[in-house]
Structures are given as structure tokens and as C-alpha cells.
Amino acid sequence: MEGAGSVQIDINTPQSARIWNYWLGGKDHYAVDREAGDAVIAHIPDIPEGARAERAFLVRAVRRLVETEGLRQFLDVGTGLPTANNTHEVAQRLDPESRIVYVDNDPTVLAHARALLTSTPEGATDYLDADMRQPGDIIEAAKRTLDFSRPIGLMMLGVVNHLMDDEEAYRVVRELVDALPEGSFLVLTHSSAEVHGEPMLRAMRETTERGGTPIRARTAAEIEGLFAGTELLEPGVVSCSQWCPDTPGEPKPVYLFGGVGRIG
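Per an unreviewed UniProt entry, the chain goes by SAM-dependent methyltransferase and derives from Saccharopolyspora aridisoli.

Visitor: Hey, could you go over the pattern of salt bridges for me, with residue numbers and the actual values?
Guide: Per the stated rule, a full pass over the model turns up 16 salt bridges. With a closest N to O distance of 4.0 Å, Arg 171 and Glu 168 form a salt bridge. A residue pair is termed a helical-turn pair when its members lie 3 or 4 positions apart in one helix, as Arg 171 and Glu 168 do in helix α7 (residues 166–178) at three residues. Linked by salt bridges that have partners in common, Arg 64, Glu 69, Glu 231 and Arg 262 make up one network.

Visitor: Kindly report on the packing of helix α1 (residues 16–23) against helix α2 (residues 31–43), identifying the contributing residues and their values.
Guide: Running from amino to carboxyl end, α1 crosses α2 at an angle of 65°, the nearest separation of the two axes being 9 Å. Between α1 and α2, the interaxial angle falls into the category roughly perpendicular. Two packed elements cross with a definite hand, and for α1 against α2 that hand is right-handed. Contacts between α1 and α2 involve Arg 18, Ile 19, Tyr 22 and Trp 23 from the first element and Val 32, Asp 33, Arg 34, Ala 36, Gly 37, Asp 38, Val 40 and Ile 41 from the second. The residue makeup of the contact of α1 with α2, split by class, is seven nonpolar, one polar and four charged.

Visitor: Can you explain the environment of Pro 245? Please cite residues and give values.
Guide: Assignment of secondary structure puts Pro 245 in the loop between β7 (238–239) and β8 (256–263). Between the alpha carbons of Pro 245 and Met 156 there is a distance of 19 Å; along the sequence they are 89 residues apart. Beyond its immediate chain neighbours, meaning those up to four positions away, Pro 245 contacts Arg 60 and Pro 251.

Visitor: Could you give an account of the environment of Ala 31, with specific residues and numbers?
Guide: Examined against the element boundaries, Ala 31 turns out to sit in helix α2. A relative accessible area of 38% places Ala 31 in the partly exposed class. As for Ala 31 and Thr 13, which are separated by 18 residues in sequence, their C-alpha atoms are 9.7 Å apart.

Visitor: Tell me about the side chain of Thr 87, and name the residues and values.
Guide: Among the secondary structure elements, Thr 87 is positioned in helix α4 (residues 87–94). Look at Thr 87 and you get buried, because its relative accessible area is 1%. Leave out the neighbours within four places in its chain, and Thr 87 touches Leu 58, Val 62, Phe 74, Asp 76, Ile 100, Tyr 102 and Met 155.

Visitor: Quick one: what's the story with unusual backbone geometry, residue by residue and with numbers?
Guide: In this model, Glu 234 is joined to Pro 235 through a cis peptide bond whose omega is 10°. For Pro 235, the location among the structural elements is in the loop between β6 (230–232) and β7. Phi at Cys 244 is positive, roughly 45°, even though this residue is not glycine. Residue placement: Cys 244 occurs in the loop between β7 and β8. Take Cys 244: its relative accessible area is 31%, and that puts it in the partly exposed class.

Visitor: Any details on the confidence of the model for the chain? Residues and values, ideally.
Guide: In the predicted model, the chain carries a mean pLDDT of 90, and the fraction of residues at 70 or more is 97%. Note that pLDDT drops below 50 for residues 1–5; the model gives that stretch eight contacts with residues more than four away or on any other chain.

Visitor: Give a description of the pairing of strand β4 (residues 153–157) that names residues and reports values.
Guide: Burial of β4 is extensive: five of the five residues sit out of reach of the surface. The side-chain alternation of β4 yields two buried faces, one formed by Gly 153, Met 155 and Leu 157 and the other by Leu 154 and Met 156. Here strand β1 (residues 73–77) runs beside β4; their pairing, made up of three bridges, is parallel. Residue pairing in the sheet places Phe 74 in a bridge with Gly 153 of β4. Relative to strand β5 (residues 185–191), β4 runs parallel, the two sharing five bridges. Bridge pairing in β5 places Met 155 opposite Val 187.

The rules behind these values
Residues numbered from 1 in each chain as written. Predicted model: local features only at pLDDT ≥ 70, side-chain atom pairs only at ≥ 80, totals over all residues. Heavy atoms only, no water. Salt bridge = Lys/Arg side-chain N within 4 Å of Asp/Glu carboxyl O. Helix = DSSP H or I, 4+ residues; strand = E, 2+ residues; numbered from the N terminus. Axes fitted to C-alpha atoms, helices over the stretch in contact; angles between N-to-C directions. Parallel < 35°, antiparallel > 145°, perpendicular 65-115°, else oblique. Left-handed = near helix turned anticlockwise from the far one by under 90°. Contact = heavy atoms within 4.5 Å. Nonpolar A, V, L, I, M, F, W, Y, C, P; charged D, E, K, R; others polar. Buried < 20%, exposed > 50% of the residue type's maximum accessible area, 1.4 Å probe, protein only. pLDDT = per-residue confidence, 0-100. Pairing = 2+ DSSP bridges.

Right, dumping it as C-alpha cells:
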């Protein structure tokens, strides 16, 4: 990626993508991120389980969209740092012709973007350094790689919770959804305090006070509202560990809620 080597990375302020990478057991984080991540764990010891559960949700959702719904294109907004089972890896294992566009505006993610640009010869991947609050710019740039006359899977995992204003959050999702053709899908997860209550809200406040990316919780009903204009697949908006689990029984709920909605 041109210019990625010259990206300026702030190692004195915690960054959500690096904290997340730390919780997932990755290597792309600094002391300030580990300190912030450990502070959250002090309130909510099972927080890393939520991170892993969301990654497993991504795998199940992409698999469903490729195998059952026939999708071969994905727009992943709020990519985060490369780790195991990125969207393109899951999709291209199932169909090598799958095409994926990643979007993020975190300098750390930009610096690691080359790891996301690997692809099968038959498919394609691209990375956009763009802000989700500008959906029109994202859509126009994504058209270089994706065919907007065919269905697309819009992935928004753990990113809308960084939009503190409700009106802006709903606007961003609505504008991205409205730009996609009929037969597309929205895959979205969002932080909620419905599992942990006040400790989760306190952890979010402290992370923001440390200078990290602001984050907020929304209720399951508010998260469901982000799917307006789509038809939610069963079981609707639930803890992402409990969305179509691969194992029998009901998994332990985690703080990230999510769902998959059909557009059109």
C-alpha cells in the first residue's frame, strides 16, 4: 500500500483496534493499549471472550452469506487490525472468486493494510483509508473493486458503537444500506451493557477518559433499530455468541450483540 510505511502511529494513546488485537491474542499493540485493555478486564474479566465470540460470529455470518445466500462480494467497514479469519480469508476459502473491500481510518490499521491485500488469483481485495461518517465517499471508492449491480455483504462489526450520537449512527448505517442493491445483507455487531450492566458502562467511560476512541453501549432494541430497512434473519439481534452457534446448547452471552439483515 503506497505511503503505509510513513503512517504516523501514536503509541502514547490507546487505540481501539490495538486493544481489540490484544484481547484477541495478537501482537500489534503497545504498553498503553495493554494497560487500557487490562483496566477493562479488571471490571469485566470475560471481555476477551466477547472479542473471540465476535470473530466466530463473523466466520458464521460470512459462511452463511456465501454458502446459503450466494454472495461473493463484501464491504467491511471498520476493519480493525488483521488477525485470524479476516473476511476475505473466510469468503475466499469458500469461493476463491470472492471480492472484498476493507475500510478503516485508524493509522495503525493503515500501516498493516498490506496484510489485508492478499487474495486468491481469482478474487480481489482492496483497502480504503476512509471515514465511515462519509458513506458516499466509501461507496464511490468501493466501486473500483465491487460490482454494485450485484448483492454485497456490508460488514460493520464493533464499529457503529464508536459513533456517540444516535442520529449520526443511524444515518451512517442507513446511507450505506441504501446504496446497496436488492439481495445484499447487513452484518452488524454493537457493544451493549445488557449482559454486564454498570461495570460495562464504567469500563467504557474509563477507556474514553484514557484518551482512547470514544465508545458507547446501546440496548438490543436500539441495535435492532440500526437494521431498519432490512429483514432480520433468525434469531434476530442477540448476543453474537448466540447467533446460529455451531455447537449444541446455548452459549454464554457476551457483551456484543449482533444480527444479519437482508436488504430489499
